[in-house]
Amino acid sequence: MRAALTTLVLLLALARVASAAPATPVRVHIECEEQGRTKACPAFMLGLIDANKALIEAPRANADVVIYSTANEIAQVDRLHLRFVGTVAGAPPVIELDVDLDTRGTDDEQRAQLEAAFLRGMALYVAARYPDIVTVTFAAPSEATAAEPQTTPWGVSLTFGGYGNRTAKYKSANGYGELEVTRVTRRSRSLLSLSGNYGLNYQPPLQLDDGTEVSLDTKQWSVGGGIGHGWLYDPCWSFGAISRIERDDPKGQYRYASGTFAAVEWDKYPADDPRGNRLAVLYKAGYRVERYNIPNELGQSFAQYPWHGVTASGNVRKDKVSFGLSLSAQAEMLHPRRRHNLTASPYVEIKLGGHIDVSASFSITKREMPAPDETKIDPLDFALLSRLSYAEPLSINTSLNLTIHWDRTNGARNDRFNDI
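We now turn to the structure provided with this report. (Residues numbered from 1 in each chain as written. Predicted model: local features only at pLDDT ≥ 70, side-chain atom pairs only at ≥ 80, totals over all residues. Heavy atoms only, no water.)

## Regarding the layout of surface pockets
Phase 1 of the analysis: Space inside the second largest pocket adds up to approximately 420 Å³.
Phase 2 of the analysis: Surrounding the second largest pocket, 16 residues form its lining, L119, R120, A123, V134 and T135 being those nearest its centre.
Phase 3 of the analysis: Ranked by the residues each element gives to the lining of the second largest pocket, the list is headed by helix α3 (residues 107–129), at eight residues.
Phase 4 of the analysis: Counted by class, the lining of the second largest pocket contains twelve nonpolar, two polar and two charged residues. (1 Å grid on protein atoms, 1.4 Å probe; cavity = no way out; pocket = protein on both sides within 12 Å on 5 of 7 lines; lining within 4 Å. Points joined across faces, edges and corners; volume = space filled by probe spheres on them. Helix = DSSP H or I, 4+ residues; strand = E, 2+ residues; numbered from the N terminus. Nonpolar A, V, L, I, M, F, W, Y, C, P; charged D, E, K, R; others polar.)

Below is the structure:
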């Protein structure tokens, strides 16, 4: 009897101590089932846990609440489905809700969009453990109703770039444009492009000793087009093919040129990496056909040969700014010392709005190719002489481009074969 009484007293004392002990933070574990294109899962959600002292990040085995996050990509929005599964007494076992994140917004904007939904889902679990620290307010509901979006895998973009200069006696201008139509799904990427550029340069004529006047005015243009398709075998490997044709004006290098290639690409990141990061190595091989406006030093007005090359590229993104670098080496298969080029190209891209991007790039190329036959060049044809830079062994280019685009709305992202 005395032993039973002693045991009862001990149990009452332990119960009193337990009831006086402070409540522990709600232990939360994050499970990212589909990450999407933002840093919401897990980076932003872990940050929200750290910012609230009533919560603590914990392993799944001893978590009070497990949050399962799934991102569904819809045009420029990631619709995040959050499923809260809890074991806190006095709180629901499951809470599910959705939140839309603007993938073209800044990290702070995306985090603010996520925070409201995250706190709404965690409120009942925190309130069950800390009843005094959770408050609820209601705002007037919106009268707008959201219709189910109609999606399409097709996208169209227009890119324009150029430069110009004008003084009293000198005028120059150059413009570039490209129309690109794409069809993108999670497993494939198709592309059709048409491009062209036009340039002019007006300056005073050159007077020779014999009184001959040589015009230094020049005009130049070129057009081109291509079609290609890529297919993802798995998250790392993809295969594809592309064909392209181009034409220069009569003073340019090519009367026409075309190339058809097959390619294989290895990528470190998935095709829809949520942070926009990319690291890829691409190998291509195919055949080129060329007809020249001026015969080259080998006596060729026409040439055809197998061609191959490897390109390594990568880029990182922070909010609306992307930085990238591409390195490539290409050569004629049978005579690599006759025709080859090595190129390094860094670039930066800034998203200005929902449909407008601006980008700047720089490239340096070391190349080798048969030079034009000097005996076929008129020394008084300045327009022709000014166009022979394509045979120079070193080339440096810079560009500034404005892109206007209307994105596909099926939500698929696929960055394969950008370098082919």
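## Points about the sheet that holds strand β2 (residues 55–57)
Phase 1 of the analysis: Strands sit in the order β2-β1-β3-β4-β5 across an open sheet of five strands; the sheet is mixed. A single partner strand is all that each edge strand has here, and the edge strands are β2 and β5 (94–102). Strand-to-strand twist in this sheet, taken as the mean axis angle between neighbours without regard to direction, amounts to 30°.
Phase 2 of the analysis: By the bridge criterion, six bridges tie strand β1 (residues 26–34) to strand β3 (residues 65–74) in an arrangement that is parallel. Opposite I30, over in β3, you have I67 as the bridge partner.
Phase 3 of the analysis: Sheet strands in contact with helix α2 (residues 40–51) are β1, β2, β3, β4 (77–86) and β5, and its direction is about 165° off that of β1.
Phase 4 of the analysis: Each of β1, β2, β3, β4 and β5 touches α3; the most contacted strand, β5, lies at about 165° to it. (Pairing = 2+ DSSP bridges. Axes fitted to C-alpha atoms, helices over the stretch in contact; angles between N-to-C directions. Contact = heavy atoms within 4.5 Å.)

## Re the nonpolar core
Phase 1 of the analysis: Ranked by internal contacts, the top residues of the largest apolar core, which has 30 residues, are I67, L82, F84, L114 and M122.
Phase 2 of the analysis: The set of elements that each furnish at least two residues to this core consists of β1, α2, β3, β4, β5 and α3.
Phase 3 of the analysis: Look past the residues within four positions of L82 in its chain and what remains in contact with it is M45, I67, Y68, S69, I95, E96, L97, L114 and A117.
Phase 4 of the analysis: Judged by nonpolar contacts, the second largest core, of eight residues, contains I242, Y254, Y305 and W307. (Core = buried A, V, L, I, M, F, W, Y, C linked by side-chain atoms within 4.5 Å. Buried < 20%, exposed > 50% of the residue type's maximum accessible area, 1.4 Å probe, protein only.)

## Let's talk about the state of the cysteines
Phase 1 of the analysis: One pass over the structure, following the stated rule, counts one disulfide.
Phase 2 of the analysis: Shown here is the disulfide that connects C32 with C41, its sulfur atoms set 1.8 Å apart. A torsion of -95° about the S-S bond marks the disulfide between C32 and C41 as left-handed.
Phase 3 of the analysis: Under the relative-accessibility criterion, C41 is labelled buried at 0%. (Disulfide = S-S within 2.5 Å.)

## Side note on the packing of aromatic side chains
Phase 1 of the analysis: Considering all chains together, one arrives at four aromatic pairs under this definition.
Phase 2 of the analysis: Between Y233 and F239 the ring centres are 6.3 Å apart and the planes differ by 75°, which places this aromatic pair in the edge-to-face class.
Phase 3 of the analysis: Joined through ring pairs, the aromatic side chains of W231, Y233 and F239 make up one cluster.
Phase 4 of the analysis: When the ring centre of Y269 is taken as reference, the NZ or CZ atom of K268 above it lies at 5.9 Å.
Phase 5 of the analysis: The ring centre of F261 lies 4.7 Å from the NZ or CZ of K284, which sits over that ring. (Phe/Tyr/Trp six-rings, centres within 6.5 Å; stacked < 30°, edge-to-face > 60°. Lys NZ or Arg CZ within 6 Å of the ring centre and 35° of its normal.)

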